[in-house]
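# Architecture at a glance
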Amino acid sequence: MMHLLLRSVAGCWPSFLPHHSPLTRASFSKAVFYRKMSHYLTEERGRPNSPDFRIYFKTSHGKYISPFHDIPLYALEQQENEILKKKQKRSDSEILFNMVVEVPRWSNAKMEIATKEALNPIKQDVKKGKLRYVANVFPHKGYIWNYGALPQTWEDPNHTDKDTNCCGDNDPIDVCDIGTRVCSSGQVIQVKVLGILALIDEGETDWKVIAINAEDPDANKLHSIEDVRVNRPGHLEATIDWFRRYKIPDGKPENQFAFNAQFKDKDFAVEVIKSTHSCWKALVLKQTTCGEIVCQNWSVCESPFQCSDADAAAVLRAAAEYGEALPLPPEVDKWHFLSQ
């Protein structure tokens, strides 16, 4: 049944539209991204490679939005000249999802959606006053996929997962895009889910969705984890190795995994995504405690955290002016050779 709270792109839309209702979602697909392959504009503030650098998101109409709360989880049907392109109905396991790219493949800066800041821009993580970079653990250079998050998902730290017996990590669910194209930080792409890996990070469940950019040349031949295993020999093993050892150069122990470090299939992955989407709904509708997470949004109907255009614009006015990038610290290029 079509939800009665639908509004135009100038208003809000319910976060709980059924993903199998493309016609209800088409009303909200008018925002066109500056980059051809995405659907939102970004605005950079501060100096790249510095603690004040931020990537903010906005619609083509100039409305500032949260990539965490305002970009829909399920990929929108595209419109050109307000004429809907009809697509064949997809099953749960074939549906496309929006992915917010935080870290481009081969790069080292640990960029992430700032869940505790107004409008949730992308920023570089800081620990003990220093910007965080992932180490190059031979033979891996930086991140080995385009790394990012699914919007409108939340791994609830107050919820113990029935499969892993660990609570969530208080972040949107992570995604590894294994496509051949190198994306950019702040890019929004549509991805096809292939499977999922359950990392246990310091006692918390930290799901890693394995997906591929729907526009990638290899997307038509990769439909499952088994397809990845057959067509990308060694890729899944490299992914396990990367997640297991990437924190060792920082003096931390190897990460652990649920399910004996085995990948679960795409149907399992979709169920996990649905569960984290439900947790996000409770968060943004104030049906659960949000702690330090900022739920400020522009588009979620019935959310008590909706903000005005003026409030959102004020966040940008307070941000640092954009400036030239600072040089990367030399240790970013260092190789770390670890025993197996």
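Note that this is a predicted model, so its numbers are computed, not measured. (Residues numbered from 1 in each chain as written. Predicted model: local features only at pLDDT ≥ 70, side-chain atom pairs only at ≥ 80, totals over all residues. Heavy atoms only, no water.)

## A look at the side chain of Thr115
Relative to the helices and strands, Thr115 is located in the loop between β7 (111-113) and β8 (122-124). If we ignore the near neighbours within four places in the chain, the residues touching Thr115 are Phe68, Asn120, Asp171, Pro172, Glu292, Ile293 and Val294. (Helix = DSSP H or I, 4+ residues; strand = E, 2+ residues; numbered from the N terminus. Contact = heavy atoms within 4.5 Å.)

## Let's talk about the pattern of salt bridges
Any two side chains of opposite charge can pair, on the condition that their charged atoms come close. By the definition in use, this model includes 19 salt bridges. Here Arg54 and Glu117 are joined by a salt bridge, their closest N and O atoms 2.9 Å apart. Of this pair, Arg54 sits in strand β2 (residues 54-58) while Glu117 sits in the loop between β7 and β8, placing them 63 residues apart in sequence. Like Arg54, the residue Glu117 is buried in the burial classification. A salt bridge links Lys208 to Asp174; the nearest nitrogen and oxygen atoms lie 2.7 Å apart. Taken together, the residues span a long stretch of sequence, with Lys208 in strand β16 (residues 204-213) and Asp174 in strand β14 (residues 174-177) at a distance of 34 residues. (Salt bridge = Lys/Arg side-chain N within 4 Å of Asp/Glu carboxyl O. Buried < 20%, exposed > 50% of the residue type's maximum accessible area, 1.4 Å probe, protein only.)

## A word on the pairing of strand β15 (residues 188-201)
Residues in a regular strand project their side chains so that they alternate between the two faces of the sheet. Counting buried positions along β15 gives 14 out of 14 residues, so the element sits mostly inside the fold. Here strand β6 (residues 96-103) pairs with β15 via five bridges, running antiparallel. Bridge pairing links Val100 to Val188 in β15. With ten bridges joining them, β15 and β16 adopt antiparallel strand pairing. Across the sheet, residue Gly195 finds its bridge partner in β16, namely Ile210. A loop of two residues connects β15 with β16, the two strands running antiparallel in sequence, and Glu202 in this loop sits at a positive phi of about 55°. Strand direction decides the pairing type here: β15 and strand β18 (residues 264-265), joined by two bridges, are antiparallel. Within β18, the residue paired with Ile196 across the bridge is Lys264. For β15 and strand β17 (residues 256-257), the ladder comprises two bridges, and the chain directions are antiparallel. From the neighbouring strand, Leu199 faces β17, where its bridge partner is Phe257. (Pairing = 2+ DSSP bridges.)

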